[in-house]
Protein chains: 2
Amino acid sequence: MNELQTMKVTENDIAKMAGVSQTTVSRVLNDHPSVKDSTRQKVLSAIKEIGFTPDPIARSMVTNRTGTLGLIVGDISNPFYAETAKIIIGSARNKGYDVILSDTDHDSDSLQKEIRMLLNRRVDGIMIASVNRWDTYVSELYQSGFPVILFNRTTDDPNMHSVILDNEQGARLAVSHLVKLGHKRISFISGPSKYSTFYQRLEGYKLALKQYHLPYEEEMVFNENLTYKDIEKFVKSIFSIHDPPTSFFASSDHMAFFVMDAVARMGLKVPEEISIIGFDDIDISSNPYINLTTISQQKKKMAISALDILLSLIENEDRLKKPVQVRIVPELMIRGTTSMKQMISLCK
Amino acid sequence: MNELQTMKVTENDIAKMAGVSQTTVSRVLNDHPSVKDSTRQKVLSAIKEIGFTPDPIARSMVTNRTGTLGLIVGDISNPFYAETAKIIIGSARNKGYDVILSDTDHDSDSLQKEIRMLLNRRVDGIMIASVNRWDTYVSELYQSGFPVILFNRTTDDPNMHSVILDNEQGARLAVSHLVKLGHKRISFISGPSKYSTFYQRLEGYKLALKQYHLPYEEEMVFNENLTYKDIEKFVKSIFSIHDPPTSFFASSDHMAFFVMDAVARMGLKVPEEISIIGFDDIDISSNPYINLTTISQQKKKMAISALDILLSLIENEDRLKKPVQVRIVPELMIRGTTSMKQMISLCK
């Protein structure tokens, strides 16, 4: 046989190292009952010693697994994904898994392609961050029993393993913070509703307004495009309406930075005249120069929880038959870009 | 034999699909001359069709390669590495390679461990971003003929493949920009010299001062710690010296943000009273709210060049016997944090 020239660890190598016959090694690998415990230990420690510990090849011989995970992210240059990937890679390594990273640029065709590649590469499980709501073809993977978990965003299929933030709650925290500071006119800047994150944050925004008996007005909401130009245009135009906003709730920290600039260009001061709150709490947002009030995604909790579930799916094949769905509780990070509603709105 | 239970593609599978004997498949895989061209084509297309295209396992049977690359970064949550990794992963994918990502937290022990893991995983080549100058044990990899390239930072061993920025030139561009704006007192904020990047930027800073007949003064240089607190302390203290700086050159954009904040806390305005220039040009620096003047690392050029060399090392084994060392030319990005030297210094 010439099965895989690159994979040079054979039963013979192990047999030589353990000082037993190849047949014995075969028996150990196949869990044959006729092998003495002391012999089995000798073989297993030979397997462990070949190469380095943990040896993915020796292990794959024993467990029928490759010790690799696929992590598919929408955009690794987005700090939220980079900071999350760091946690997942480090934690997976500690548990003996390597991570193959894929980047889809948030494109559904790429996502399908990357999934095929990773299956082809025989990864033990896949974490997908992030799908859009109509990417329901990933359900096939779940139905096939292959270990797969959605991270940060979900599809419209309720039967998938997933770890997401409680986005509705996050939006309510943000609106509630602004209302308590006296703001009644809160503009919402968000992304397209095809992403569950933005969809749920919009729902949370609406619910919170209702809770405080404030009207929901479509013209106060921007959720079309994410470019700076579009956001700047919207911010400019919103100040010409009858009763303009005194505060902005942005659905990501990056969007909040755009709003901060657009507002500054109009000669308005943050937070003295306009309050701004973001969503994500990427590292740079706590940099004192930026000091953005925001909703923390609890990245570490989210990442560790998703990895734990994925490894459970891989390692305990008969457990977790039902979809496991975790919602992490967000946290309000009060910093320097929000304050009590000031004069500007009183003068109107 | 029971070599690798996870790897189920056998010569038999290919033989069946191609409608030839297993012996013929063996001959094709071993490049035996007695196989007819039409038969060889049948076998190769059967290999191609097994699973999906490109099939890393079928390919590894033909090329003795796994189609995986190791990318070791110092810190994926640092935007410079995240943005670079995105380019490398996307470009590698287009060329049929998957990337296993490792994160060392800039720790030398972790680096050694990650290298062993990746070799153990049988990656075809490794890109290391970033070493410190004394991590010379990576030279052994180079000497063994294994495809390895250093990215962004080099060790003190001159015999390694590497792609770095011309850091000296970058520092000279920065100082020169400030001098042309009238600044003669330029404080330099950098990191420890055990990293080639910071070492070379300090050299460039010194050379540029010399070129403009400005004195080099140690008290104007901070290159100990990278924490915000230390930088803030330094910035505060530097304004109490006899002839304080009117400008800061920071060795990374992140450090520049720290300086921007420390300066703002002292009641000084950027750029009206103090000019600040960074180094990196991470995405956020061009965000209009930050709008940092900086030195661009030309991430895309650096990443593509390093990947091309690594793939050459992998695919053309007899080429590139001598170390290939590329230095990418940096570019000055003039934005809103630098301006002509103003009143503040004239009043002293």
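Just so it is clear, the model here is predicted, and its values are computed rather than measured. (Residues numbered from 1 in each chain as written. Chains lettered and ligands numbered in written order. Predicted model: local features only at pLDDT ≥ 70, side-chain atom pairs only at ≥ 80, totals over all residues. Heavy atoms only, no water.)

1. Some points on the environment of Met-340 of chain B
Residues and elements named next belong to chain B. Take Met-340: it is sitting in the loop between β12 (331–333) and α13 (343–346). Residue class for Met-340 comes out partly exposed when judged on its relative accessible area of 48%. Sequence separation between Met-340 and Glu-272 is 68 residues; the distance between their C-alpha atoms is 8.0 Å. Leaving out residues up to four positions away in the same chain, Met-340 has contacts with Lys-180, Leu-181 and His-183. (Helix = DSSP H or I, 4+ residues; strand = E, 2+ residues; numbered from the N terminus. Buried < 20%, exposed > 50% of the residue type's maximum accessible area, 1.4 Å probe, protein only. Contact = heavy atoms within 4.5 Å.)

2. Notes on the nonpolar core
In this structure, Tyr-205, Phe-248 and Phe-249 of chain A together with Tyr-205, Phe-248 and Phe-249 of chain B are the most contacted members of the largest nonpolar core, which totals 155 residues. Not counting residues within four places of it along the chain, the set of residues in contact with Phe-249 of chain A comprises Ala-171, Ala-174, Val-175, Leu-178, Ile-186, Ser-187, Phe-188, Ile-189, Tyr-205, Ile-277, Gly-278 and Phe-279 of chain A. Counting residues in each nonpolar core, the second largest holds 32 residues, with Ile-128 and Val-131 of chain A together with Ile-100 and Met-160 of chain B among its members. (Core = buried A, V, L, I, M, F, W, Y, C linked by side-chain atoms within 4.5 Å.)

3. Focus on the confidence of the model for chain A
A low pLDDT score tells you not to read the predicted coordinates there in detail. Residues and elements named next belong to chain A. Mean pLDDT over chain A: 87, with 88% of residues reaching 70 or higher. Low pLDDT (under 50) marks residues 1–8, which in the prediction has 29 contacts with non-local residues, meaning those over four places away or in another chain. For the stretch residues 51–55, pLDDT sits under 50, and the model shows 11 contacts to residues farther than four places along the chain or on other chains. (pLDDT = per-residue confidence, 0-100.)

4. Examining the sheet that holds strand β7 (residues 221–222) of chain B
Residues and elements named next belong to chain B. Strand order across the open sheet formed by 6 strands is β7-β6-β8-β9-β10-β12, with mixed pairing between neighbours. Strands at the two margins of the open sheet, each flanked by one partner only, are β7 and β12. Sheet analysis places strand β9 (residues 275–280) next to strand β10 (residues 293–296), joined by 4 bridges and oriented parallel. Paired with Phe-279 across the strands is Ile-295, a residue of β10. The strands touched by helix α9 (residues 196–211) within the sheet are β6 (186–189), β7, β8 (247–250) and β9, with β6 carrying the most contacts at an inclination of about 170°. (Pairing = 2+ DSSP bridges. Axes fitted to C-alpha atoms, helices over the stretch in contact; angles between N-to-C directions.)

5. A word on the packing of aromatic side chains
Residue and element names in this part refer to chain A. In the structure shown here, the tally under the stated rule is 18 aromatic pairs over all chains. Residues Tyr-228 and Phe-258 carry aromatic rings whose centres are separated by 5.2 Å and whose planes lie at 55° to one another, so their mutual orientation is tilted. Residue Tyr-228 is found in helix α10 (residues 228–238), and its partner Phe-258 is found in helix α11 (residues 253–265); the two are separated by 30 residues along the sequence. By relative accessible area, Tyr-228 is classed as buried at 18%. (Phe/Tyr/Trp six-rings, centres within 6.5 Å; stacked < 30°, edge-to-face > 60°.)

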